[in-house]
Amino acid sequence: MPKNSKGKEIAEIIPDKCIGCQLCVAECPVNVITMEGAVAKIDPEPCIGCGKCFDICPTAAVIFDKPRKKKVAGAVPRPSALDEYQGVAVFIEARDGHGAEVAWELVGKARELAEKLGTRVLGFLPGTGVESVAEEAISYGCDVVHMIDNLILGPYLPQTYGKALVQLCRQAKPEILLLGATPLGRDLASVVATQLETGLTADCTGLDIDIQERLLLMTRPTFGGNIMATIFCRNHRPQMSTVRPKVMKLPQKDSSRQGEIHRLEFEAPDGTLPRIIDFIPKAADVGGEDINQAPVLVVVGKGACDSQHLPMLEQLAQLMGGTIACSRPVVESGLLPYVRQVGQTGKTVAPKIYIGVGVSGAVQHLVGMQGTEKIIAINSDRHAPMVQIADYAIIGDYAEIVPEIIQGIEARVKRSKP
Amino acid sequence: MNIVCCIKQVPDTAQVKIDPDTNTLIRSGVESICNPYDLVAVEMAVRLAERYSGKVTVISMGPPQTESALRECLALGADKAILLSDRAFAGADTLATSYTLAQAISRIATDETVDLVVCGKQAIDGDTAQTGPGTATRLGYHQFTYVSEVIGVDLEKNTITVRREVENGSEIIEGTLPALLTVELEAASPGYASLPELVRSLIQEVPTWGADDIKGSPESLGLKGSPTWVKEIFAPPARTGGLLFDSAENKDQAIADFLDVFFEKEHEILDELWSVDKG
Amino acid sequence: MKEAFDVAIVGAGPAGISAACVLADAGIKTIVLERGEYPGAKNVSGGVLYGHDLARIIPDYVERNCPIERNIVESRIWYLSRDAGYSLGYRDSIFATDRKHNAFTVSRAKFDRWYAEQARQKGALIVPGTVVVDLLRSERGDVTGVLTGREDGEVRAKVTLLADGINSPLAALTGFRSEPKPEEVALAVKEIIELPAEVIEQRFGVSSGDGVTTEVLGAIAGGMDSVGIIYTNRSSISLGLGANLADFADYKLKPYELLEAFKEHPMVAPLIADGRPLEYVAHWLTEGGYDAIPELYGDGYLIAGDSAMLFNGLHREGNNLAMASGKMAAETIIEALSRNDVSRTGLAGYGKKLADSYILKDLKKYRKLGGFFYHHKELFDQLPRLATSAGREMITVNGVSKKEKQKIISRNFRRGMPVLKLLRLLWQGWRAVK
């Protein structure tokens, strides 16, 4: 074990393991830990060797060999008031009289979590003209739907929806609240979490239950997707989480399912509300499809950024029943618009099939398509990261390969059709 | 018109890699940068301040070296920068962070009215996009997220009109000030500082405010004020490579092989794709 | 820009920052303009510094946490043929004790940043991310400052110090220095190979914190006039070689391929085995020597460091010449400013200081060496081959008598290089370094 100049056994931080969460900085009773760059450093001389930093570090980045039991952060008895909170709630985002698909995906997951906890699935449904959505919610798996059907809740405004959802939480007291990480959902979740002063974890890719502690374990990517973190919210309720569309599986709809619908009163919030003046729908462009919805994406990378060959790639996309997307350099070159960009600063997609043409697979791009089921990479560089992770990789000049692939697919499709 | 921008210094996550042998982050040599979304926010704020004759103050919560990110923003034309740094702030999740920022903005507002707060949509390390809305909620300001353009400000009527990028299009929305905006990357292009601006950013003083300066109550700050904690971290499940078809030797054969294998192995997905009746 | 300065320095490398430190210590208002994102971002060198020259500018550099990689306790020189070689090393315990930090390796990115920070703390204004595109001149033609590429980018200064490196576009633009001819310039490539500190210490036989430098001559670059280096850093090895730019053009060899071949040499490979390549950089080095040095000062300006072609190839000295010349330029400026005369005559002290110092004395001494190497390619192909075949013959135990072996060796030599030629080679070499 490391020692300082006075010979005292002290703690030391392994810089490459430190994720810069600063939990140790706050925990140190003698305030001898500082941040150097994005990494924590213990001043060896005044360190008293108490090991509290070792206890609280989530990534085992602290060297401290004195025998001690590693405690989970904040392992104090939970306030009993928390037992009042029961049920797994899902915010049902409604659009044009239907529930958004992500809401049903989350209801499916909520069923699984509720089963483990031995509790019920609650649907939280603020909106206008959403009676039929409440019934949809029950067929997808909600036991109870708490609905606020009010004209004020027509267009989405954080003030109105925020107040409504906070009201639902305070009345129904769920232990967990899940929301789809749509633009609306992310916006709303933060407002609600702040008002309820509870914990919110965004863009979770995994949800599980620690049954001993009766806690929701939320897993999400961080550091631009380079590292996964599992997070929990111990002493605050509801434990809130947003989940991206297409991460959870869409459950089967069962119209015979029974459930309760509670209709609740609602008053508009005080003060003037913002006014929506206009809505401009997205211009339909090539393929006319939202890259988030397409089941197949043909992704144009820097190595295929050529207007001459773009029609051929579009043809491939269409043939496969999908649409065109691209990486950031292609947007920067002006070949395709920003709405087609996949990646950290673009869109996160999770198609069934991702065909990367000339895409090297930089970290910021991979982060935006990790949820893909099958990856096909067409690249001249066999060492490109995208090739390394692809399920199928074809090495060579895409300009020669793609036309042949198109031919081959057409031939096979013709054969299989009677 | 007084504008406050909240910025964050982040590691350049594009450069961060995982050591495949030890499953740890390799961060040596990775530079800290000002969050790109925040640079856009500051650029937009500076342009608004020019248009409506106002001032821009940039604030950031972080350890002492965050000062260099604040100076980057001064170089873009911000008038003043304040560093929020205190051990008590350490270990903060988004709830505690929005508390700290809101307290600081309230303190600024005691000296002069704050009309607008502009933040980047999200930080490229955490990617939560929660801090902006959280801060707006605490301050009781109207919030407008995913802003791609500020269409206009009416200082008489005290309103702002913005364009927001939502699910299927853009929304033009008008609300009263004070308001908080979170901005998309396309909202502005950070400019290239003039030499006098750059020199000023290097020598101007950046004061530091601690917990007392912002009247922060200990239970709401830092680790104590954070409901969420990290249980563990691990490397994402590595997708290992699959089958490789090299077209160098025999292109036709390679492609034919690929198609054979692909159609056979993935027939489930393909059936699903093509069974959808396109009629 | 409205604000004016006493001195504007172009370049935050060793020459520029050394000058800035000395000027700032004397309370002179100084601005340093650096084109890299941060000082060190654009600097590449073998990575050896000399304590003596650094101490003359910052005496307490160790206490100020100067980022030192390894303290050099042994210097080696190797003479290699393609697959064999001679090695000569000098190790002295005094370099670990009384003369510690006589020489030490540094990472230029870390060192330059630290060094510039020292200048900033002393009061110099360091402005990164800013390129100087031209010099400002008065009607009479004297230099009155610099023009940068940023808006409102004029910087007026009483004296301007050009310290912007070997590739100085300014020097070409302003005509202060003609574009170096290809045979005056070497192209050097370097690779940093990661190895754990303990492995380095074991392989080089040194204690923690100490290191070894190796200069390599011979047939390492396909017969081109070249020098190679192997320097130990804390947890990496810097491996590089440089050859004359004109030769690269003639021989049509690729630097990267030469480096790969060098790494595979039986004397090199074991030192870097299992190492992980971290970085690959390329850089120009001046080879011009004494005769390529331009006019080093004029009305309102001085030139220091690589920009002034102050580089001694044989003794791998570039950084210290840069530092020393930077210091001398600063001292000259301080005197000139106090007399209010920054004309050519007022700055003439610089020329004298350089001539009196070891800088110009050494360069003058070795002025013929570059040419000697360049015009005697046999040093880089035939001679190494002959030398190592002699060694091979001598060392092999195969029942042949020593006398017989000697005959074989001298026969080989005579065939490969007639005695007269060899003698003349040695004579000319001696004269070149005398």
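Remember, predicted model here, so these are calculated numbers, not experimental data.

When you go through chain C residue by residue, the secondary structure sums to 15 helices and 17 strands. Taken over the C-alpha atoms alone, chain C extends approximately 85 × 45 × 40 Å along its principal axes. In chain C, 72% of the contacts between residues at least 6 apart in sequence involve partners at least 24 apart. Within the structure as shown, chain C displays about 19600 Å² of accessible surface, and the carbon and sulfur contribution to it stands at 53%. Distance from the positive charge centre (56 side chains) to the negative charge centre (54 side chains) of chain C: 6 Å.

On to the packing of aromatic side chains, then. For the structure shown, the criterion picks out 14 aromatic pairs over all chains. Measuring from centroid to centroid gives 5.9 Å for Tyr392 of chain A and Phe258 of chain B, while their planes differ by 70°, and the two rings are edge-to-face. In this pair, Tyr392 of chain A sits in strand S22 (residues 392-395) while Phe258 of chain B sits in helix H6 (residues 251-265), so the two residues belong to two different chains. Considered together, Tyr392 of chain A and Phe258 of chain B belong to a single accessibility category, that of buried residues. Among the aromatic residues, those joined into a ring-pair cluster are Tyr392 of chain A together with Phe245, Phe258, Phe262 and Phe263 of chain B. Here the basic side chain of Arg150 of chain C rests over the ring of Tyr192 of chain B, its NZ or CZ set 4.3 Å away from the ring centre.

Right, let's get into unusual backbone geometry. A cis amide bond, omega -5°, links Arg237 of chain A with the succeeding residue Pro238 of chain A. Tracing the backbone shows Pro238 of chain A in the loop between strand S14 (227-233) and strand S15 (239-243). Cis geometry is adopted by the peptide bond preceding Pro178 of chain B, which originates at Leu177 of chain B and carries an omega value of 5°. On the secondary structure map, Pro178 of chain B appears in the loop between strand S11 (169-176) and strand S12 (179-183). Look at Asp203 of chain A: it is not a glycine, yet its phi comes out positive at around 55°. Tracing the backbone through its elements, the reader meets Asp203 of chain A in strand S11 (residues 200-204). Taking relative accessible area as the criterion, Asp203 of chain A reaches 8% and is therefore assigned buried. With a phi angle near 65°, His101 of chain C is a residue other than glycine that sits in the positive phi range. You can call His101 of chain C buried: its relative accessible area is 13%.

On the surface, Lys403, Lys407, Arg411, Arg414 and Arg415 of chain C cluster together into a positively charged patch. By the secondary structure assignment, Arg415 of chain C is in helix H14 (residues 402-416).

Our focus in this paragraph is the interface of chain B and chain A. Contact residues are listed per partner, giving 92 residues for chain B and 111 residues for chain A. In this structure, the connection of chain B to chain A is made through 6 salt bridges. Among the ionic pairs, Arg138 of chain B bridges to Glu197 of chain A, the shortest N-O distance being 3.7 Å. For the pair chain B and chain A, the interface holds 28 residue pairs in polar contact (both at pLDDT 80 or more). Tallying contributions element by element places H6 of chain B first for the side of chain B that touches chain A, with 11 residues. For S14 of chain A and strand S14 (residues 228-234) of chain B, the ladder comprises 6 bridges, and the chain directions are antiparallel. Bridging from a neighbouring strand, Ile231 of chain A pairs with Val230 of chain B of S14 of chain B.

In total, this model carries 49 salt bridges over all chains according to the counting rule given. A salt bridge links Asp125 of chain B to Lys8 of chain B; its shortest N-O distance comes to 3.0 Å. On the criterion of sequence distance, the pair formed by Asp125 of chain B in the loop between strand S8 (116-120) and helix H4 (131-139) and Lys8 of chain B in the loop between strand S1 (2-7) and strand S2 (9-11) is long-range, its members being 117 residues apart. Notably, a salt bridge pairs Glu393 of chain C with Lys405 of chain C, separated by 3.6 Å at the nearest N-O pair. Of this pair, Glu393 of chain C sits in helix H13 (residues 382-395) while Lys405 of chain C sits in helix H14, placing them 12 residues apart in sequence. Summarising the burial analysis for this pair, Glu393 of chain C and Lys405 of chain C share the class buried. Salt bridges sharing common partners tie together Arg111, Glu115, Asp143 and Arg257 of chain A.

In this assembly, 17 residues from chain C lie in contact with 10 residues from chain B. Of the roughly 1100 Å² buried between chain C and chain B, counting both surfaces, carbon and sulfur atoms make up 68%. Taken together, the connections running from chain C to chain B amount to 0 salt bridges. There are 2 residue pairs in polar contact (both at pLDDT 80 or more) connecting chain C and chain B. Only strand S7 (125-127) and strand S10 (154-162) of chain C provide two or more residues apiece to the side of chain C that touches chain B. Looking at which element gives the most residues to the side of chain C that touches chain B, the answer is S7 of chain C, with 3 residues.

Parsing chain A into structural domains produces domain 1 (1-75), domain 2 (80-263) and domain 3 (296-416). Computed from C-alpha atoms alone, the centre-to-centre distance between domain 1 of chain A and domain 3 of chain A is 46 Å.

So, how was this worked out
Residues numbered from 1 in each chain as written. Chains lettered and ligands numbered in written order. Predicted model: local features only at pLDDT ≥ 70, side-chain atom pairs only at ≥ 80, totals over all residues. Heavy atoms only, no water. Helix = DSSP H or I, 4+ residues; strand = E, 2+ residues; numbered from the N terminus. Contact = heavy atoms within 4.5 Å. Areas by Shrake-Rupley, 256 points an atom, 1.4 Å probe, with all protein chains shown as cover. Lys, Arg positive; Asp, Glu negative; His and termini not counted. Charge placed at Lys NZ, Arg CZ, Asp CG, Glu CD. Phe/Tyr/Trp six-rings, centres within 6.5 Å; stacked < 30°, edge-to-face > 60°. Buried < 20%, exposed > 50% of the residue type's maximum accessible area, 1.4 Å probe, protein only. Lys NZ or Arg CZ within 6 Å of the ring centre and 35° of its normal. Patch = residues over 30% accessible without salt bridge, like charges linked within 9 Å, V, L, I, M, F, W, Y side chains within 5 Å. Salt bridge = Lys/Arg side-chain N within 4 Å of Asp/Glu carboxyl O. Polar contact = N/O pair within 3.5 Å; in protein donor to acceptor, adjacent residues only side chain to side chain. Pairing = 2+ DSSP bridges. Buried area = accessible area lost by both parts, 1.4 Å probe. Domains from an automatic or database assignment.

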